[in-house]
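Per-entry structural report
Listed below are the residues making up each chain.
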Amino acid sequence: RSCQLSTRRRAAHFARADLLAPMDTMARARPYRCGLLLLASFLGPACLLHQQADRHAADDAAHGQSQEWSMRRRLHKVKSRRRLRPGSHLIHLRPRELSSPADGPPLLRFAVYSDTHYWVRSSTRSAWMRRVAAAPVRDGLVVDAAEEVLPLLLRQLSAFAASGADFAVHAGDAVCGGSSFQQEGGEFETTLRLYRSLEASVLGTSWPVYHLPGNHDIHPSGGGTRAWRKAMCANASRECDAAQPWGHACDATVHARTIYRAVCARAWRVLLLDATDGIDSDSDGRGHIGATQLGWLRAQLDASAAARQSVILVMHQLLVQPPGDGWVDPTQDFIDNREEVLALLARYDHVRLSLHGHVHANSIATRGGVVFVTTASAAEYPMHWREVSVYECEVRLTTHAVDAPLQRVRSRDADPRLGRNDIKLGPSLANYVVINTCANSRHRH
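Residues numbered from 1 in each chain as written. Predicted model: local features only at pLDDT ≥ 70, side-chain atom pairs only at ≥ 80, totals over all residues. Heavy atoms only, no water.

1. A closer look at the pairing of strand β4 (residues 167–170)
Of the two faces of β4, the one lined by Phe167 and Val169 and the one lined by Ala168 and His170 are each fully buried. Taken together, the four bridges between strand β3 (residues 108–113) and β4 define a ladder with parallel strand orientation. Paired with Val112 across the strands is Val169, a residue of β4. Relative to strand β5 (residues 209–211), β4 runs parallel, the two being bridged by three bridges. Note on β5: the bridge partner recorded for His170 is His211. Handedness of the crossover joining β4 and β5 through helix α8 (residues 185–203) is recorded here as right-handed. (Buried < 20%, exposed > 50% of the residue type's maximum accessible area, 1.4 Å probe, protein only. Helix = DSSP H or I, 4+ residues; strand = E, 2+ residues; numbered from the N terminus. Pairing = 2+ DSSP bridges. Right-handed = clockwise from strand over helix to strand, strands pointing away.)

As structure tokens, this is what we get:
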């Protein structure tokens, strides 16, 4: 009975990959294991799953089905648990391995990459790496491998573009500005120009790449993101131009005014938000969405609702707490007026997904019917970027590793914090997931 009562509260734990394998062993489990499993708090619903698996295995055997298929069927039903937002759409989260192939090509397909932390070779960079290596607590960021890792990432994105993808979004922290790297102002500006030059040389200028700033794109000597905007030519696009939905790769007349943008594609609208809004210098990593931008966001949500478009948000810092305790900092990792932003989002029922970087980890959470996803750093283990494929009634998210296996292992081994690499990699559901976005659609089994 306690297993049944806890199933709804703890269904999210079945997103972890360790419950997907080995299926045959779990399907043979017996009810007497329930007492032992209750010792681990997150395994409460697993007791019920084991009991039900035995019953359904017998039923399936009568119909020629294997025990493994029985277990997969039960996992699918638990993992596609409906999360209801009052008066709104239903959200279903499904692991890719338990999902049927999508019907036809996607309506929209784009890449999100973040936290590249490019830094040209210099004595300042070498000194920073020596300080990090000597510190008892450190991360696995390998900025001294920037000349190797960034070109590899860009070549993968170039292949992604050649496959027919629509555009890419860099979700912030292209370089190593802000406060923590202690980079000099002149070196920061030079690094920005070299980053943009390298990106353009590999990706060209015809395929749209939209840039959003992070806290490490703020000038280390103050002045906000003015130098970043000048170098990056910020975002491309005419806002929701139906004739040319992706706009131009670099529109100087637009970027000089604002960074935030709307990108339209058929029944979807992607809203790119500036989470450094009004921040002149980076002291603690936090983000902010200013009053003017909030007014713009409100207008975009109204317009997209009137046009019957679903909305995807992209920004650098976080809006909601990811699963797990102790690995995010409430004073450094969030947009400081996030409750104001979330209150605005709660007024609408067509916001489906919010994508973020900043915390160098893959995670997934839900709040108010919206799925919030963070993507790992491209410059730190597991060195991921994310593919987003949008269909009529679902969004499919897939992570891809930068093809730099030696640097990935080096980054993994450089971080001594217990369990931190597992957090960075994230659970299976944060790497490969299908988000069903239609209220009355039926899942195919």
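2. A few points about the confidence of the model for the chain
Chain-level statistics for the chain give a pLDDT mean of 79 and a share of 71% at 70 or above. Across the chain, helix α12 (residues 338–345) holds the top mean pLDDT of 98, while helix α2 (residues 23–27) sits lowest at 32. Of the regions scoring below 50 in pLDDT, residues 1–88 engages in 124 contacts with residues more than four places distant in sequence or in other chains. Below pLDDT 50 for its whole length, residues 234–256 participates in 61 contacts with residues either more than four positions away or in separate chains. (pLDDT = per-residue confidence, 0-100. Contact = heavy atoms within 4.5 Å.)

3. Side note on unusual backbone geometry
Glycine aside, the phi torsion of most residues is negative, and most peptide linkages are trans. Going from Tyr381 to Pro382, the amide bond is cis rather than trans, its omega being 10°. As for its placement among the helices and strands, Pro382 is situated in the loop between β11 (370–374) and β12 (384–390). The backbone phi angle of His117 is positive, close to 45°, even though this residue is not glycine. Along the chain, His117 falls in the loop between β3 and α6 (123–134).

4. Some points on the packing of helix α7 (residues 146–162) against α8
A pair of packed helices is characterised by two quantities: the angle between their axes and the separation of those axes. For the pair α7 and α8, interaxial distance at closest approach is 9 Å and the crossing angle is 35°. Where α7 crosses over α8, the handedness of that crossing is right-handed. Between α7 and α8, the contacting residues are Leu150, Pro151, Leu154, Arg155, Leu157 and Ser158 on the first element and Tyr195, Leu198, Glu199, Val202 and Leu203 on the second. Looking at the contact of α7 with α8 residue by residue, the classes come out as eight nonpolar, one polar and two charged. (Axes fitted to C-alpha atoms, helices over the stretch in contact; angles between N-to-C directions. Left-handed = near helix turned anticlockwise from the far one by under 90°. Nonpolar A, V, L, I, M, F, W, Y, C, P; charged D, E, K, R; others polar.)

5. Here we look at the nonpolar core
Judged by nonpolar contacts, the single largest core of 73 residues is most densely connected at Phe110, Tyr113, Val169, Val270, Leu353 and Leu355. When near neighbours in sequence (up to four residues on either side) are disregarded, Val270 contacts Leu108, Phe110, Phe167, Arg261, Ala262, Val263, Ile312 and Val314. Within the second largest apolar cluster, 25 residues are counted, among which are Trp296, Leu297, Leu319 and Ile335. (Core = buried A, V, L, I, M, F, W, Y, C linked by side-chain atoms within 4.5 Å.)

6. What to know about the side chain of Asp277
Tracing the sequence through the fold places Asp277 in the loop between β7 (268–272) and α11 (291–306). Buried charged residue Asp277 carries no salt bridge. Nearest counter-charge: Arg229, at 7.9 Å. At 2.8 Å, the side chain of Asp277 forms a polar contact with the backbone nitrogen of Gly290. Among the polar contacts listed, one links the side chain of Asp277 to the side chain of Gln293, at a separation of 2.9 Å. In this structure Asp277 touches His288, Ile289, Gly290 and Gln293, once residues within four positions along its chain are discounted. (Lys, Arg positive; Asp, Glu negative; His and termini not counted. Salt bridge = Lys/Arg side-chain N within 4 Å of Asp/Glu carboxyl O. Polar contact = N/O pair within 3.5 Å; in protein donor to acceptor, adjacent residues only side chain to side chain.)

7. Quick notes on the environment of Gly214
Relative to the helices and strands, Gly214 is located in the loop between β5 and α9 (226–232). For Gly214, a relative accessible area of 0% gives the class buried. In contact with Gly214, other than residues within four places in its own chain, are Gly172, Asp173, Thr276 and His316.

8. So, the pattern of salt bridges
Tallied over the entire structure, the rule returns twelve salt bridges. The shortest N-O distance in the salt bridge between Glu394 and Arg396 comes to 2.6 Å. Like Arg396, Glu394 is buried. Arg417 is paired through a salt bridge with Asp415; the nearest N and O atoms lie 2.7 Å apart. Because the salt bridges share partners, they merge into one network encompassing Glu380, Asp415, Arg417 and Lys424.

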